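# What the coordinates show
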Amino acid sequence: MIVPMQKYLFLVHHSEYTAFLEGLRQLGVLHVQQQEGERSSGLMDRLALQQQFQKVLKALEKREVDVEQRTATAEEGHSVAAEYDTLTDRLEPLLQERATVRKEFDILKPWGDFSIETVKKLEAAGLEVQFLVCPTKKYNPDWAKEYPVAHLRNLGANSYFAGITKAEAPVEIPGVEMIPDPKNGTVELQARQKELDNSIADINARLDRLAQVGIPALQAALRDLQDTTQLMSVIEHTRWEADEQLMLLEGYAPKPKKQEVEALCEQQGIPFLTEQPKPADQPPVLLKNSSFSRLFEPIAKLFALPSYGEMDLTPYFAPFFLLFFGFCLGDAGYGIVLLLGATVYKFRAAKDMKPTLTLVQFLGVATVLFGVLTGTVFGVNLLQDQFAWLGNIREIMLNSDQAFQLALILGVVQILFGLGVKAVNKSRQYGWMHGIAPVGWILLVLSLADIGLTKQLLPYSQYAAWAAVGLILLFSDPEGGLFSRLGSGAWALYGITGIFGDLLSYIRLFALGIASAILGLVVNDIGLQIKGSMEIVGPILFVVFLLVGHTANLLIASLGAFVHPMRLTFVEFYKNAGFEGGGKPYDPLRQQES
């Protein structure tokens, strides 16, 4: 559900404004409605500094060190950021130079160890050293007799050799490449690389130490900067009245917290007005759901928050998402792996990770249930004759045709449920007449299902179908005139093809479940072939292949089992439920948490 908000308008004297904002920040419940306007250069500088601190903190947190937990000041954090910038400014050119040195060394390495000083001495004596290379298949050993060259080695597809000639008579062999005269020898390059490695290691050690002792200080500085930036932003975007003597602040607070806000105003003597927010005000959205539905809120937020005036669909799509995931993965063995893996990891996971693991546990349970329902365990089909010993248990298992029908039934149920939610939602927002057209669609779908499939209520279902058409024609635009209503209704009836298209989308549940089962079966078959091909090593490779194959299948199938139910939720269900979205998140003025 969406927590109802109370709209506030505060009138504060400019001399008391900062203290009032500080009180609101400590309270941490008022979402400030900031006025539009350009940001000052001072605020932009603070925002840039905040981004810089976040970047430094993220970089230091990536270093694998044990952070010293200590109390630090914001001033220390500024020093940490400055030192980090100094060290990285020194590190970057060293890394670039080391890459260049390594590249030069890799080029000259085939000619062995030599010093550039030796080359220069030969040049001083009037001789020239040539570094030559050609494809091995083109190298002619007789060149050593015809030219003053010596073959050094074959490496890869090339032959490397060197020549020492008089400067005025260089060696010229057709098809042979002479590399440019090097500026350094391999001896100097190795020495320089060692120096660079030591310098880089020293800076990295200092960065590791900086991360150990500096992360708490940087976090403190970032919290302080975020607090001051938040206050500065609110002050700059507040309306000034009465020759800039009075500050007019607008904001929203959850109704359960209104007494706290009003108590603060009474304490500081701040006059205020309250009213119920209107849809045009675009109040912030704060979700409050049960412990089960709350697990699915991150999924809902991937699409959009509901607008303030409509219903939060999270509690309504959560059970369907669970069922759809289990249907798509559809293997009891994989479900057990998810359930046990999430349960074990939950004991050592961080607090903010535990809700996600709880969701994985629920998804694992749903997968086990659908795996049992379709008779699939690690790719093994329990409906085969060799599992007849399971007895009556197999009677609850579905074959392929039944699983296909179940996918369509779930689609019909969710579409009709979405239309029902739309009827309630529109009635709450705009009045009961706006909820009639969705009811007409529900009646039309059920009537057509009886006419075309079950034929149990004929001819009453035919009468109901015509009544449903009448409701859609007359109430698709309940505020318009007669011709406007009929036109809108006729256009809406054209959308019946969309409902059938939506229904066909649910076939993906069956398709993904079958694909997962087939891949598991293929893994088992290949594993058995490996086991039978080698008497001693075969069983070991059999186990290894099963572990690798089923792990890969579990990962791929889990991805599909997450993405496709999400697609059915955001496209088919949200569309039929009349979801509008566009809500902005509730973000109260508050102190940053430690």
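Everything here concerns the structure above.
This write-up is about the structure you can find in this document.

What counts and how
Residues numbered from 1 in each chain as written. Predicted model: local features only at pLDDT ≥ 70, side-chain atom pairs only at ≥ 80, totals over all residues. Heavy atoms only, no water. Phe/Tyr/Trp six-rings, centres within 6.5 Å; stacked < 30°, edge-to-face > 60°. Helix = DSSP H or I, 4+ residues; strand = E, 2+ residues; numbered from the N terminus. Buried < 20%, exposed > 50% of the residue type's maximum accessible area, 1.4 Å probe, protein only. Lys NZ or Arg CZ within 6 Å of the ring centre and 35° of its normal. Expected span 1.5 Å × (residues − 1). Contact = heavy atoms within 4.5 Å. 1 Å grid on protein atoms, 1.4 Å probe; cavity = no way out; pocket = protein on both sides within 12 Å on 5 of 7 lines; lining within 4 Å. Points joined across faces, edges and corners; volume = space filled by probe spheres on them. Nonpolar A, V, L, I, M, F, W, Y, C, P; charged D, E, K, R; others polar. Axes fitted to C-alpha atoms, helices over the stretch in contact; angles between N-to-C directions. Parallel < 35°, antiparallel > 145°, perpendicular 65-115°, else oblique. Pairing = 2+ DSSP bridges.

What follows covers the packing of aromatic side chains. Per the counting criterion, the structure on display carries 32 aromatic pairs. Ring centres of W111 and Y160 lie 5.1 Å apart, and the angle between their planes is 85°; this geometry places the pair in the edge-to-face category. A residue pair is termed long-range when its members are at least 10 positions apart, and W111 in the loop between α3 (74-108) and α4 (116-124) and Y160 in strand β5 (residues 158-166) qualify at 49 residues. You'll find W111 and Y160 in the same group, each marked buried. On the basis of an interplanar angle of 70° and a centroid distance of 5.8 Å, the ring pair of F324 and Y506 is categorised as edge-to-face. A residue pair is termed long-range when its members are at least 10 positions apart, and F324 in helix α10 (residues 314-329) and Y506 in the loop between α17 (496-505) and α18 (507-533) qualify at 182 residues. By the burial criterion, F324 is buried, and Y506 matches it. Over the ring of F542 we find K531; its NZ or CZ atom is 5.3 Å from the centre of that ring.

Here we take up helix α1 (residues 14-27). Its 14 residues give α1 an end-to-end C-alpha distance of 20 Å, which sits within 8% of 20 Å, the value for a rise of 1.5 Å per residue. Along α1, the residues that are buried comprise Y17, F20, L21, G23, L24 and R25. Contact partners of the buried residues in α1: β1 (5-13), α6 (186-236), β8 (246-254) and α7 (258-268). Phi for G28, located one or two positions after α1, is positive at around 70°.

Applying the stated criterion across every chain, the model contains 1 cavity of 30 Å³ or more. Taken as a whole, the largest cavity encloses approximately 40 Å³ of empty space. Residue lining of the largest cavity: 11 residues in total, with Q33, Q34, H237, T238 and L249 positioned closest to the centre. When contributions to the lining of the largest cavity are tallied by element, the ones reaching two or more residues are β2 (31-33) and β8. No other element matches β8, which puts 3 residues into the lining of the largest cavity. Its residues assigned to classes, the lining of the largest cavity shows 4 nonpolar, 5 polar and 2 charged.

Between α10 and α18, whose axes approach to 6 Å, the crossing angle comes to 40°. The angle between the axes of α10 and α18 places the two elements in the oblique class. Facing α10, whose interface residues are F324, F327, C328 and L329, α18 presents L509, F510, L512, G513 and S516. Counted by class, the contact of α10 with α18 contains 7 nonpolar, 2 polar and no charged residues.

On to the sheet that holds β5. On the basis of which strands lie adjacent, the open sheet formed by 4 strands has the order β4-β5-β3-β6 and antiparallel pairing. Taken across any chain shown, the strands that pair with only one partner, and hence form the sheet edges, are β4 (149-155) and β6 (177-178). The sheet contact formed by strand β3 (residues 127-135) and β6 spans 2 bridges and is antiparallel. Note that in β6 the partner of V133 across the bridge is E177.

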